[in-house]
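Structural overview
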Amino acid sequence: MAAAGAGRLRRAASALLLRSPRLPARELSAPARLYHKKVVDHYENPRNVGSLDKTSKNVGTGLVGAPACGDVMKLQIQVDEKGKIVDARFKTFGCGSAIASSSLATEWVKGKTVEEALTIKNTDIAKELCLPPVKLHCSMLAEDAIKAALADYKLKQEPKKEEAEKK
Amino acid sequence: MLLRTAWRRAAAAVPVAPGSRSEAPTRGLRLRVVDHAPQSAVPSDTATAPPAESVLRPLYMDVQATTPLDPRVLDAMLPYLVNYYGNPHSRTHAYGWESEAAMEHARQQVASLIGADPREIIFTSGATESNNIAIKELESAIQPDTSLVSVMTVNNEIGVKQPIAEIGQICSSRKVYFHTDAAQAVGKIPLDVNDMKIDLMSISGHKIYGPKGVGAIYIRRRPRVRVEALQSGGGQERGMRSGTVPTPLVVGLGAACEVAQQEMEYDHKRISKLADRLTQKIMKSLPDVVMNGDPEHHYPGCINLSFAYVEGESLLMALKDVALSSGSACTSASLEPSYVLRAIGTDEDLAHSSIRFGIGRFTTEEEVDYTVEKCIHHVKRLREMSPLWEMVQDGIDLKSIKWTQH
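Residues numbered from 1 in each chain as written. Chains lettered and ligands numbered in written order. Predicted model: local features only at pLDDT ≥ 70, side-chain atom pairs only at ≥ 80, totals over all residues. Heavy atoms only, no water.

1. What to know about the overall build of chain B
Spelled out, the test is: Note on conventions: DSSP H or I runs of at least 4 residues are helices, E runs of at least 2 residues are strands, and numbering of each starts at the N terminus. Only heavy atoms matter for contacts: two residues are in contact if any of them lie within 4.5 Å across the pair. Working definition of accessibility: Shrake-Rupley area with a 1.4 Å probe, residue cover restricted to the visible protein chains.
Across its full length, chain B holds 12 helices and 10 strands. In chain B, 71% of the contacts between residues at least 6 apart in sequence involve partners at least 24 apart. Accessible area of chain B: about 19,100 Å², with a carbon and sulfur share of 53%.

Here it is in structure tokens:
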């Protein structure tokens, strides 16, 4: 309480002296324009931007969203014979929060099995990135992208399974 | 006095030739002031401040949202904030008389900028209030079938200039009232209320390097346009807007108008040159960039560009050293793309990719070059991260794809 009061006093004093009050570092209830440093970090130090060979049988590709909505995510996973995701790549057309959500998604799916990856929830992504309410749909789209990539991978495995059964 | 010394101390952070204050201020001066750590309320002492790079303020390229105070305006206002603080409606003493004189002088300055008579200028709290008064007039018109045409002079998002003189001609021949919101146009392009047959005009202080919280409405006297007051009270401003007129603010508005009248031609030339520089450099280095808005009937200081395959907000985040806008400030909290871009028929994905660059009186060539360089760098980077760019490079037609809606 005293800290908040002192903080307010500092801000008032600083405004009086024509200094711009520094914006708070914690931005849990910040408007969309105040980018959380975690979101900025994913843009400045991107993890897993790129593409995998989408024709490969071990690669699942998920493409979700629409340019008219301002959000398109492409997420690709590479799965080994044991069903573990060994590599993931993403590309996103969208705001900073969308880029961060899809980037985080690729980080999280790596090392998980296909079944474990299905359990990743948009609420976890949003919490990790401290997304404000207006940006929650970015995390939902990231979850959709993961599921789409897994679904595509499963689809590619089916003719293989049939062949194995036939043999 | 305190404000002035603090401003001067801040100005001292950037090397400035002494006594050059009388000229237009050193370009970019107030934008490079080192931001001190929030913990210390004590000024300066840069020895303990964090490294300079991390505390510099961003460049300001958002003049359509608001403009900094011209120092000449601040000089004009300051005496009325500290010394000549009388109420301009006080009739019985020198404080009132000198304040009233300043108010009338400011009224003359505003009127002369738009070719009006000072008796036709009413001070308000801003263009929004002026718009409300003008539109409300429609409901209180004497003839029941009178109508009103209201058009923005210069659009704040894409900078397009409307053919005001032609519209004024049509309205006057049909005996219809013509109102224009000239907030982005006053002091930037030549306006004359008589040549253009304008009946009502809204003026905003903080869009023309004047103070915030003040504006004016021009209301034609011949033929008389009747308006109904939005707020009632002591009958100030000929009964059209009651409330004490804030002398320091209107002095600021008047000074801003006078400065604008003097500087209009020079500013227009300089801003056009900088705008051309910005657009040429960007278009030369990046493919698939679209300028929104009619290139001919266009105010050069407002450039709205769409960078295909890159989303606007991500570009704004990347350009964190530059204060820019994507769409108007009024709608920045919503998820909708700009209604203006939609109205001119821009594809929705391009509407999401638009950035507005504002070039103003104090924008320097260095700032434009820096912004252009960073913009090119980050657009290239974001395109590398964009699935749409990748698809286009592979020769896929994006319009042929069935997208999943969320």
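2. Quick look at the sheet that holds strand β10 (residues 354-358) of chain B
Residue and element names in this part refer to chain B. Let me state the cut-off plainly: By definition, two strands form a pair when at least two bridges between them are found by DSSP. The angle between two axes is taken between their N-to-C directions and runs from 0 to 180 degrees, where each axis is a line fitted to C-alpha atoms and a helix contributes only its stretch in contact.
Spatial strand order, β7-β8-β10: three strands in an open sheet with antiparallel pairing. Either end of the sheet is taken by a strand with one partner, and the two such strands are β7 (289-291) and β10. Averaged over all adjacent pairs, the angle separating strand axes in this sheet is 30 degrees, with direction ignored. In terms of strand pairing, β7 meets strand β8 (residues 302-307) through three bridges, oriented antiparallel. When the bridges of β8 are listed, Val 289 appears paired with Phe 307.

3. Description of helix α4 (residues 94-114) of chain B
Residue and element names in this part refer to chain B. Our working rule: Working rule for helices: expected span equals 1.5 Å times residues minus one. Type-normalised accessible area, obtained with a 1.4 Å probe on protein chains alone, sets the label of each residue: buried when under 20%, exposed when over 50%, and partly exposed for intermediate values.
Between its terminal C-alpha atoms α4 stretches 31 Å, which fits the 30 Å expected from 21 residues at 1.5 Å a residue. Within α4, the full set of buried residues consists of Gly 96, Ser 99, Ala 102, Met 103, Ala 106, Arg 107, Gln 109, Val 110, Ala 111, Leu 113 and Ile 114. At its buried positions, α4 is contacted by α3 (71-82), β2 (121-124), β5 (200-204), β6 (215-219) and α7 (247-285). Of the residues one or two after α4, Gly 115 is the one with positive phi, at around 70 degrees.

4. Here's the deal with the confidence of the model for chain B
Residue and element names in this part refer to chain B. What counts, and what does not: You can read pLDDT as the predictor saying how much it trusts each residue, on a scale of 0 to 100.
Averaged over chain B, the pLDDT score is 84; the fraction of residues at 70 or greater is 82%. Contacts for the low-pLDDT stretch residues 10-35, under 50 throughout, to residues beyond four places or in other chains number 42 contacts. Per-residue pLDDT stays below 50 along residues 37-46; that stretch engages in 10 contacts with residues further than four places along the chain or on separate chains. Scoring the predicted complex yields pTM 0.78 and, for the interface, ipTM 0.76.

5. Here we look at the nonpolar core
This is how it is decided: As used here, the term nonpolar core means buried Ala, Val, Leu, Ile, Met, Phe, Trp, Tyr and Cys residues forming a set that is joined through side-chain atoms within 4.5 Å.
Counting 105 residues, the largest nonpolar core has A:Ile77, B:Phe123, B:Met201, B:Leu278, B:Ile282, B:Phe307 and B:Phe357 as its most contacted members. Element by element, the count of residues in this core is highest for α7(B), at 12 residues. Ranked by size, the runner-up nonpolar core spans 11 residues in total, among them A:Ala66, B:Trp389, B:Met391 and B:Leu398.

6. Considering the pattern of salt bridges
Residues and elements named next belong to chain B. Threshold: For this analysis, a salt bridge means a side-chain nitrogen from Lys or Arg found within 4 Å of a carboxyl oxygen belonging to Asp or Glu.
Tallying each qualifying case throughout the model produces 28 salt bridges over all chains. The closest approach of N and O atoms between Asp 117 and Arg 119, which form a salt bridge, is 3.0 Å. Given a relative accessible area of 26%, Asp 117 falls into the partly exposed group. In this structure, Asp 199 and Arg 220 form a salt bridge, with 3.4 Å as the shortest nitrogen-oxygen distance. Of the two residues, Asp 199 is situated in the loop between β4 (177-181) and β5 and Arg 220 in the loop between β6 and α7; the sequence distance between them amounts to 21 residues. Note on Asp 199: relative accessible area 11%, which makes it buried.

7. Focus: the packing of aromatic side chains
Two descriptors summarise a pair of aromatic rings, namely the distance from one centre to the other and the angle between the planes of the rings. In plain terms, the rule: For Phe, Tyr and Trp, rings pair up if their centres lie within 6.5 Å, where Trp contributes its six-membered ring, and each pair is then called stacked (planes under 30 degrees apart), edge-to-face (over 60) or tilted (otherwise). Working rule: Lys NZ or Arg CZ, within 6 Å of ring centre, within 35 degrees of ring normal, means a charge sits over the ring.
This model, assessed by the stated rule, comprises four aromatic pairs over all chains. Ring geometry for B:Tyr80 and B:Tyr84: centres 5.6 Å apart, planes at 55 degrees, overall tilted. Classification of B:Tyr80 as buried rests on a relative accessible area of 19%. According to the relative accessible area criterion, B:Tyr84 is partly exposed, its value standing at 37%. Residues B:Tyr309 and B:Trp389 carry aromatic rings whose centres are separated by 5.8 Å and whose planes lie at 50 degrees to one another, so their mutual orientation is tilted. Of this pair, B:Tyr309 sits in the loop between β8 and α8 (312-318) while B:Trp389 sits in helix α12 (residues 387-393); the two residues are 80 residues apart in sequence, bridging distant segments of the chain. Each member of the pair, B:Tyr309 as well as B:Trp389, carries the same accessibility label: buried. Over the ring of A:Tyr43 we find B:Arg381, and its NZ or CZ is 4.8 Å from the ring centre.

8. Comments concerning the pairing of strand β3 (residues 148-152) of chain B
All names here are of chain B. Quick reminder of the rule: Handedness of a crossover is defined as follows: orient the strands so they point away from the viewer, and if the path from the first strand over the helix to the second runs clockwise, the crossover is right-handed.
Relative to β4, β3 is paired through five bridges, and the arrangement is parallel. The residue bridging Val 149 from the neighbouring strand is Phe 178, located in β4. In this fold, β3 hands off to helix α6 (residues 164-173), which returns the chain to β4; that crossover is right-handed.

9. Side note on the UniProt feature "domain: NIF system FeS cluster assembly NifU N-terminal" (unreviewed entry) in chain A
Counted only if it meets this: UniProt positions are given in the numbering used here, feature names are shortened, and annotations may be inferred rather than shown by experiment.
In this structure's numbering, the residues bearing the UniProt feature "domain: NIF system FeS cluster assembly NifU N-terminal" (unreviewed entry) are residues 35-157 of chain A. For residues 35-157 of chain A, the helix share is 46%, the strand share is 21%, and the end-to-end C-alpha distance is 40 Å.

10. With respect to the pairing of strand β3 (residues 85-93) of chain A
Residue and element names in this part refer to chain A. When you tally the buried positions in β3, you get seven out of nine residues, the bulk of the element. Two elements, strand β2 (residues 71-79) and β3, share eight bridges in a ladder whose sense is antiparallel. Bridged to Gln 78 within β3 is Asp 87.

11. Points about the sheet that holds strand β1 (residues 59-66) of chain A
Residues and elements named next belong to chain A. Judged by pairing direction, the sheet is antiparallel, and its three strands sit side by side in the order β1-β2-β3 without closing on themselves. Only two strands of the sheet have a single partner each, and these edge strands are β1 and β3. When the angles between neighbouring strand axes are averaged without regard to direction, this sheet yields 10 degrees. Sitting on the sheet, helix α3 (residues 96-109) is in contact with β2 and β3, with an inclination near 175 degrees to β3.

12. Focus: the side chain of B:Thr66
Residue and element names in this part refer to chain B. To keep things clear, this is the line we draw: Pairing of N or O atoms within 3.5 Å defines a polar contact, subject to two protein rules: one partner must be a possible hydrogen donor and the other a possible acceptor, and residues neighboring in sequence count only if both atoms are side-chain atoms.
Here Thr 66 is to be found in the loop between β1 (59-60) and α3. Residue classification places Thr 66 among the buried positions, given a relative accessible area of 17%. One polar contact links Thr 66 to His 206, side chain to side chain, over a distance of 2.7 Å. Not counting the four nearest positions on each side in its chain, Thr 66 is found in contact with Tyr 60, His 206 and Lys 212.

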